[in-house]
Amino acid sequence: MLLIWLDNNMTWLTPYDGSPRRPSVFSDAAIQYYLSIMLPFKLPFWQAAGMIGSLLRLAELAWPVVYYSILRGRQKTRHIRTLR
């Protein structure tokens, strides 16, 4: 049995902060969620994006899916918290 938690109050998109640089679209929480699903299953980025998209549809959440190229770039700057 697999239990995956999705909180509909989670901040999925980052609010625009007014800075002149290109804003991040997806929050750190969204990237953390993707990577925490991707690592235990040893999924490549594009498969993780597909799996999360399916989970979002099952949860009936109309959140956009993170492109795998965004995941690849942002994973380098994230420290993933895992349960041990």
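As the structure is a computational prediction, the values presented were derived from the model and not from experiment.

Asks: Please explain the overall build of the protein as it appears in this structure.
Replies: In terms of helices and strands, the protein carries 3 helices and 0 strands. If you list the helices and strands of the protein from N to C, you get α-α-α. Relative to its full complement of 84 residues, the protein shows a buried share of 30%. A separation threshold of at least 6 residues defines the contact pool for the protein, and within that pool the share at least 24 residues apart is 56%. For the protein, the exposed area adds up to about 6,400 Å²; of that, 58% sits on carbon and sulfur atoms.

Asks: Could you clarify how one ought to interpret the confidence of the model for the protein in this entry?
Replies: Regions with low pLDDT carry predicted coordinates that are not meant to be interpreted in detail. Here the protein averages 79 in pLDDT, while 82% of its residues score no lower than 70. Across the protein, element-level confidence peaks in helix α2 (residues 45-58) with a mean pLDDT of 89 and bottoms out in helix α3 (residues 68-75) with 71.

Asks: Would you mind showing me how to read the nonpolar core here?
Replies: For soluble globular proteins, the rule of thumb is that nonpolar side chains tend to be buried together. Formed by 20 residues in total, the largest nonpolar core has its most connected members in Trp-12, Tyr-34 and Ile-52. Elements that contribute at least two residues to this core include exactly α1 (28-41) and α2. Top contributing element to this core by residue count: α1, with 7 residues. With near-sequence residues (within four places) excluded, Tyr-34 lies in contact with Trp-12, Ala-48, Ala-49, Ile-52, Val-65, Val-66 and Leu-71.

Asks: Please clarify how α2 should be interpreted in this entry.
Replies: Three or four residues apart is the spacing at which side chains of an α-helix point the same way, because the helix has 3.6 residues per turn. Compared with an ideal rise of 1.5 Å per residue, which puts 14 residues at 20 Å, α2 spans 20 Å between its outermost C-alpha atoms and is within 8% of the ideal. By the burial criterion, the buried members of α2 are Phe-45, Ala-48, Ala-49, Ile-52, Gly-53, Leu-55 and Leu-56. The buried residues of α2 all sit within an arc of 165 degrees when viewed along its axis, so they share a single face. Among the exposed residues of α2, those oriented more than 90 degrees off its buried face are Trp-46, Arg-57 and Leu-58. Glu-60 sits one or two residues past α2 and shows a positive phi near 55 degrees.

Thresholds applied
Residues numbered from 1 in each chain as written. Predicted model: local features only at pLDDT ≥ 70, side-chain atom pairs only at ≥ 80, totals over all residues. Heavy atoms only, no water. Helix = DSSP H or I, 4+ residues; strand = E, 2+ residues; numbered from the N terminus. Buried < 20%, exposed > 50% of the residue type's maximum accessible area, 1.4 Å probe, protein only. Contact = heavy atoms within 4.5 Å. Areas by Shrake-Rupley, 256 points an atom, 1.4 Å probe, with all protein chains shown as cover. pLDDT = per-residue confidence, 0-100. Core = buried A, V, L, I, M, F, W, Y, C linked by side-chain atoms within 4.5 Å. Expected span 1.5 Å × (residues − 1). Arc of directions from axis to C-beta.

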